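Coordinates in review
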Amino acid sequence: AHDYPNAEIGCVCALDADRAKNVAQEFGCAWTTDYEEMLARDDLDVIGVWTASGDHCRHATMALEAGFHASTTKPMDIRVAACQTAIAAAKNAGRVLAVDFGLRYEPNVRKVRQALRDGVIGRVLFADLQMKWMRAQDYYDGGEPAGWRSRTETEGGSIANQGVHMIDELYWLLGPVKTVEYGRRGTLAHDIETEDYCAASLTFQSGAWGLIETTTSAFPNRGTKIEINGSDGSILMEGDRNIQI
C-alpha cells in the first residue's frame with residue numbers, strides 16, 4: 001500500500017476470522033469470512049485471489065461476474081477448463097484478469113529477453129530449466145485449509161506450484177511451446193497425493209528444444225538454473241539475479 005499511494009485496501013477475506021481481523025487492523029480496512037459478502041460491496045474495484053490453487057479461477061470468475069477486475073496468484077489454476085471459464089468471464093464483463101508472474105519484471109530477466117531479441121547468442125538451439133528445491137513434509141501438511149498443497153483436488157505439485165514461475169519465465173523468453181514430446185512425474189520423497197518431481201522434453205515454436213525438471217525433493221535446496229544455448233553463445237541464469245551472457 002505504501003508503494004502505491006493511489007491504491008487502497010478496502011476489505012480482506014479469509015477462512016480464519018482471527019487472521020482476517022489481524023490483517024484488517026494492519027491495513028485499516030474492513031474484513032469478512034464470507035467471500036460473497038465482500039463481492040456485494042460497492043467500494044472495491046479489484047479482487048485479489050490468494051486461495052488454494054484449485055480455487056483460483058472459481059474465485060476470480062465470481063469476482064469478474066460481479067463486475068470487479070481480478071488478479072490471481074500463480075498458478076492461474078490447476079485445470080485448463082477453469083482458466084478458460086475465467087478468461088471468458090473477463091471478456092464478457094470487459095474486465096481485466098491478471099496472474100502475478102512477477103519474474104517478467106525482474107531487471108535481469110528483462111535484460112536476457114532483450115539480449116535474445118537482439119540475437120546476442122545467435123539462433124537459440126535449446127534451453128533447460130532445473131528447479132531443485134526442498135520442501136519439508138510440514139509444508140504440505142499446513143496451510144489454509146490444512147493440507148491443501150498435498151491434495152490433487154487443490155494443487156498440482158512441484159511443476160504447478162513452485163515451478164510455474166520459471167516455466168512462465170522460459171515461455172516469456174523463448175516464446176510459445178509447439179509440442180511436449182515426453183513427460184514424467186512422481187512422488188518420491190513426501191507423503192502427498194501431488195507430485196514432488198516432474199521432468200519434460202519439449203519443442204518451442206521457434207524450433208528450439210527444451211528440457212524442464214522441477215522437484216521439491218532436493219536436499220539441501222539447490223535453487224533454480226536456466227541455461228539457454230544458441231549458435232553464437234549461451235546464457236546462464238541462476239535464480240533471477242545472477243546471469244552470465
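Everything that follows concerns the structure shown earlier in this document.
Everything in this summary refers to the structure shown in the same document. (Residues numbered from 1 in each chain as written. Predicted model: local features only at pLDDT ≥ 70, side-chain atom pairs only at ≥ 80, totals over all residues. Heavy atoms only, no water.)

Here we have three strands laid out as an open sheet, ordered β3-β4-β5, and parallel in their pairing. At either end of the open sheet lies a strand with only one pairing partner, and these are β3 (46-49) and β5 (97-99). Geometrically, the sheet is characterised by an average inter-axis angle of 15 degrees between neighbouring strands, direction not taken into account. Set on the sheet, helix α3 (residues 56-65) makes contact with β3, β4 (69-72) and β5; between it and β4 the angle comes to about 165 degrees. (Pairing = 2+ DSSP bridges. Helix = DSSP H or I, 4+ residues; strand = E, 2+ residues; numbered from the N terminus. Axes fitted to C-alpha atoms, helices over the stretch in contact; angles between N-to-C directions. Contact = heavy atoms within 4.5 Å.)

Turning next to the side chain of Gln162. Inspection of the secondary structure assignment puts Gln162 in the loop between α6 (137-141) and α7 (164-174). Classification of Gln162 as buried rests on a relative accessible area of 5%. Not counting residues up to four positions away in its chain, the partners in contact with Gln162 are Met131, Trp133, Arg135, Tyr139, Gly157 and Thr216. (Buried < 20%, exposed > 50% of the residue type's maximum accessible area, 1.4 Å probe, protein only.)

Put simply, Asp16 is the residue that caps the front of helix α1 (residues 17-27), since its side-chain oxygen is 3.0 Å from the backbone nitrogen of Asp18. In the stretch just after α1, Gly28 is the one whose phi turns positive, near 65 degrees. (Polar contact = N/O pair within 3.5 Å; in protein donor to acceptor, adjacent residues only side chain to side chain.)

Evaluated as defined, the whole model comprises one aromatic pair. An angle of 85 degrees between the planes, with centres 5.1 Å apart, marks the rings of Tyr139 and Tyr140 as edge-to-face. The aromatic ring of Tyr139 is capped on one face by Arg135, whose charged end is 5.2 Å from the ring centroid. A cation over an aromatic ring shows up here: Arg149 above the ring of Tyr139, its NZ or CZ 4.3 Å from the ring centre. (Phe/Tyr/Trp six-rings, centres within 6.5 Å; stacked < 30°, edge-to-face > 60°. Lys NZ or Arg CZ within 6 Å of the ring centre and 35° of its normal.)

On to the pattern of salt bridges. Enumeration according to the criterion identifies five salt bridges in this entry. Between Asp43 and Arg41 there is a salt bridge; the shortest N-O distance is 2.8 Å. Residue class for Arg41 comes out partly exposed when judged on its relative accessible area of 29%. For Arg79, the salt bridge goes to Glu153, with nearest N and O atoms at 3.6 Å. In this pair, Arg79 sits in the loop between β4 and α4 (80-93) while Glu153 sits in the loop between α6 and α7, placing the two residues 74 residues apart along the sequence. Residue Arg79 is classed as partly exposed on the basis of its relative accessible area of 33%. (Salt bridge = Lys/Arg side-chain N within 4 Å of Asp/Glu carboxyl O.)

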